[in-house]
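Coordinates in review
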Amino acid sequence: MPVLATVLFAGVLLLAGCEKENGDAKAVPTKSNPFAGQWQWVSTEGGFSGKSSWTPMSEGYNVTLTLTGDSFVLYKDGQREVWGTYVLDTVSKNIFNKPLPRLNLKQINGEMGVPVVLYDGLILQDEIGLIRISDNMYDGLTSHFAKMI
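Below, the structure is looked at part by part. Keep in mind it's a predicted model, so treat the numbers as computed, not measured. (Residues numbered from 1 in each chain as written. Predicted model: local features only at pLDDT ≥ 70, side-chain atom pairs only at ≥ 80, totals over all residues. Heavy atoms only, no water.)

1. With respect to the overall build of the protein
If you tally the helices and strands in the protein, you get two helices and nine strands. Put simply, the protein has 149 residues, and 34% of those count as buried. Looking at the protein alone, contacts between residues at least 24 apart form 50% of all its contacts between residues at least 6 apart. Element-wise, carbon and sulfur atoms account for 59% of the exposed surface of the protein, whose accessible area totals about 9200 Å². (Helix = DSSP H or I, 4+ residues; strand = E, 2+ residues; numbered from the N terminus. Buried < 20%, exposed > 50% of the residue type's maximum accessible area, 1.4 Å probe, protein only. Contact = heavy atoms within 4.5 Å. Areas by Shrake-Rupley, 256 points an atom, 1.4 Å probe, with all protein chains shown as cover.)

2. What about the side chain of H144?
Relative to the helices and strands, H144 resides in strand 9 (residues 141-147). Setting aside residues no more than four positions away along its own chain, H144 makes contact with Q40, W41, V42, S43, E45, I131 and R132.

3. Digging into the pairing of strand 6 (residues 100-110)
Here strand 5 (residues 79-91) runs beside strand 6; their pairing, made up of 10 bridges, is antiparallel. Note on strand 6: the bridge partner recorded for D89 is R102. In this structure, strand 6 lies alongside strand 7 (residues 121-125), joined through two bridges in antiparallel fashion. Residue L103 lies in a different strand from strand 7, and its bridge partner there is G121. (Pairing = 2+ DSSP bridges.)

4. Structural notes on unusual backbone geometry
Phi is positive for D77, close to 50°, though the residue is something other than glycine. Within the secondary structure layout, D77 lies in the loop between strand 4 (71-76) and strand 5.

5. Details of the pattern of salt bridges
As enumerated under the stated definition, the model contains one salt bridge in all. In this structure, D89 engages R102 in a salt bridge whose closest nitrogen and oxygen atoms are separated by 2.6 Å. Taken together, the positions of D89 in strand 5 and R102 in strand 6 put the pair 13 residues apart, joining distant regions of the chain. The partly exposed category is assigned to D89, whose relative accessible area is 24%. (Salt bridge = Lys/Arg side-chain N within 4 Å of Asp/Glu carboxyl O.)

6. Observations concerning the pairing of strand 1 (residues 37-46)
Relative to strand 3 (residues 63-68), strand 1 runs antiparallel, the two sharing four bridges. Looking at the pairing, Q38 lines up with T66 of strand 3. Pairing geometry for strand 1 and strand 9, over seven bridges, is antiparallel. Residue pairing for strand 9: Q40 is matched across the bridge by A146. Where strand 1 lies against strand 2 (residues 52-54), three bridges are found, and the strand directions are antiparallel. Its bridge partner lying in strand 2, E45 is registered against S53.

Right, here's the structure in full:
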């Protein structure tokens with residue numbers, strides 16, 4: 001009987017010592033962070049002409065952004081590319097002339113190897129549930145993400 005108790009105790013300690021990879025935690029929206037969750041990149045539009053457009057199809061890769069608590073992970077074709085911590089703060093001076101939330105990356109690990117996808121800037125959710133991340137310039141870019149289920 002003491003051997004069985006020892007084995008069970010060791011198993012509990014082993015499981016308690018396991019740590020999930022950043023981004024595997026449950027991403028649940030809250031009142032303080034309605035943007036928590038997994039988001040699939042849909043498109044990036046704008047630019048100097050206002051007519052530039054990039055999509056997963058045109059670029060040849062898919063991007064997923066996961067926001068949990070105060071951490072984020074950016075996946076490119078299922079591979080973790082960029083991760084770290086972020087804060088949601090409010091920017092009063094912006095092109096919309098009203099206080100708006102901003103996704104502000106604080107610690108970044110990995111390579112910034114995902115061109116034409118913004119994941120740092122003003123963040124807004126529209127009436128159909130997409131989020132837009134904008135670089136806060138009139139001739140700037142905006143990336144659109146759809147909520148993953």
